[in-house]
Each structure stands twice: as C-alpha cells, then as structure tokens.
Amino acid sequence: MKKIPQLLVFPLICLTVLLSVACSKRGAEENAALDQKLNSLKVDVDIKNFHQVLGEPSSEKQREVTNVTMTIKRHAPPKKVEEKFTYKDYLYENEHFYVQAVTDEAGKVGMFSITARDSDYLPTIQTEMDKPIQLGKTVYADFSPTARKIAADFRESSTKPSYYEVVVHTGKEQTYVVVATNPHGKTEKIGKLKPQDGDVLIKWFSLAGQDFPLNEEHDAFRKATVINTYTEVAPWFRGVDNSGDGANFGENTINFGPHTTQLK
C-alpha cells in the first residue's frame, strides 16, 4: 500500500474537515426549514392549507365522536347531555415525522398533532404554552410541572404504553394542549409505569395540581419519558375526551398521532 506524501496529508485533513462542516451546516439548515414548516401549522384553517404545506395525506378516515357532558342549572338536578360529531382524520407521512389533522365536516381544522419519527430530525415546536418543546428529547417533567388529565393504554404493550397528558394554559384565555408518547413515534427513552385497575389508566386532577403526580412511580416515569407527539386543539373542537373516565385510545376514536390502522 502506497503512503500518502506528507505534503498532501494536511490538505486532505482540511478538506475532510470542510466537508464535515458543510454537511453539518446543510443538516442544520434543513432541520430549521422543517421546523419552520411545522410551526406554520395552525388550527382554525381550511385543510387545504395542510395539503399545501405537507402534500397529499396518506390516510383519510371518518370519525364519529359522542361527547357526553353534565349540565347543572339552579334548583334542578344534573342533566346528562349527549352530542354526536363527525370529523375527518387525516395523516401525512414524512420520513422524519408524522402530522395528523382532524377537521369538521366543512374541512376546518380543529386539532393537529406532530410526531417525531426518528433520531435524524427532532422537531422543535413553539407551543401554545409559551415554551418550546423538542419532540423526541423533552421529557414530561421538563415541559409541564402538572397536567389536568393523564391516560395510558397498556393493551398492546405493558412496558411501552401509549401515554398522554392534557396540559392547561391559563393565560388571557384558558387553552390546553396534549403531549403524548405515541408507540409509532420515536420511543427510545421511556420510564416504567404499571397498570392500575385494568389495562387502561385514566386520572383527572384538580386544576391547581395539588394532587399531581399520581404517585412516586408516575413522578419517576415523567422524569424519564420523552414526549414524541405534540397536539394543539381549537376551543370549539369536541374530539378530545375530557371526561374523568374516557380516553382517546382505540381504532374508533381520535388518537394523538398515528394509529396502526392509518399506517401502510
């Protein structure tokens, strides 16, 4: 094997370094462009806006949602009110992420989710909570000290459940977002959490959060588990189950991020 002349060694090293820096810069620029694209997504727009930004969806499913609420009027017993809504659930697939958009029958976006798909690109999202989140890296404890509601589904995996938290933001207007760990997203870092009663865990907490977290195990889980899905919800949207005993799990409900039935 011929030796490389000493005079050529230094130029080759410089060329290697320059190529490495150029590739790194190009990767950073591409990631910044993707961040800009994802941060341009909003609720209360026509679904055509999502098509223009993300291309044609890979999946489109109709969802029938039943929303049950209790109304209380003075001098009258509580009354259960049941409403039915029809939504369309779209999924857009990219090699680095998934985007889900759910609309009403007129095509107005009431909810959308962004899910990190691999470690090559971890989206940085400017959230409605006045703080950014890096999907695939930020853990629950670092994003929010408390949540209004948590839910975990252990039916497909007892060690890697589907998990989400409803986080309320009390600014000028009270809004909420949902952060989740979707099994189809990047799930390399996940803590241990055991089922309580049955295969689905659902817990509603006080708005002040004195009763949060659930227990020490749940506290450790939040400190160790990475969020891979971020969801924004319009005030009028009724596809998120905010009751104390229901959750957004299963084939016939609106999940946060992709569901198995939506993927090829």
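To be clear, the structure that these remarks concern was listed above.
Being a predicted model, the structure only gives us computed values, none of them experimental.

S.K.: Which residues make up the overall build of the protein chain, and what values do they have?
M.R.: The helix and strand inventory of the protein chain stands at four helices and 11 strands. By the burial criterion, 41% of the 264 residues in the protein chain qualify as buried. Across the protein chain, every contact between residues at least 6 apart in sequence was considered, and the portion connecting residues at least 24 apart equals 63%. Summed over its atoms, the accessible surface of the protein chain is roughly 15,000 Å², and 51% of this surface lies on carbon and sulfur atoms.

S.K.: Tell me about unusual backbone geometry, and name the residues and values.
M.R.: One can expect most non-glycine residues to show negative phi and most peptide bonds to be in trans. Of note, the bond from F212 into P213 is cis; its omega dihedral lies within 30 degrees of zero at 0°. Summarising the element assignment, P213 is placed in the loop between β10 (200–204) and α4 (216–224). Backbone geometry at D44 places phi at a positive 65°, although glycine is not the residue there. As for its position among the elements, D44 is in the loop between α1 (6–39) and α2 (47–54).

S.K.: Lay out the pairing of strand β4 (residues 109–116) with the relevant residues and their values.
M.R.: Counting buried residues in β4 gives eight out of eight residues, a clear majority hidden from the surface. The sheet contact formed by strand β3 (residues 97–103) and β4 spans seven bridges and is antiparallel. For Y98, the partnering residue across the bridge sits in β4 and is T115. What sits between the antiparallel neighbours β3 and β4 is a turn of five residues, in which G107 has the positive phi angle 95°.

S.K.: Give me the lowdown on the packing of aromatic side chains, citing residues and values where you can.
M.R.: In the structure shown here, the tally under the stated rule is 11 aromatic pairs. Ring geometry for Y163 versus F221: centroids 4.9 Å apart, planes at 70°, classification edge-to-face. Pair noted here: Y163 is in strand β8 (residues 162–170) and F221 is in helix α4, with a separation of 58 residues, a long-range link. Overall, the relative accessible area of 2% leaves Y163 in the buried class. Classification of F221 as buried rests on a relative accessible area of 1%. One aromatic cluster in this structure is built from F85, Y87, W236 and F237. For the cation-ring pair, K203 lies above F205, with the distance from its terminal atom to the ring centre recorded as 5.8 Å.

Criteria and cut-off values
Residues numbered from 1 in each chain as written. Predicted model: local features only at pLDDT ≥ 70, side-chain atom pairs only at ≥ 80, totals over all residues. Heavy atoms only, no water. Helix = DSSP H or I, 4+ residues; strand = E, 2+ residues; numbered from the N terminus. Buried < 20%, exposed > 50% of the residue type's maximum accessible area, 1.4 Å probe, protein only. Contact = heavy atoms within 4.5 Å. Areas by Shrake-Rupley, 256 points an atom, 1.4 Å probe, with all protein chains shown as cover. Pairing = 2+ DSSP bridges. Phe/Tyr/Trp six-rings, centres within 6.5 Å; stacked < 30°, edge-to-face > 60°. Lys NZ or Arg CZ within 6 Å of the ring centre and 35° of its normal.

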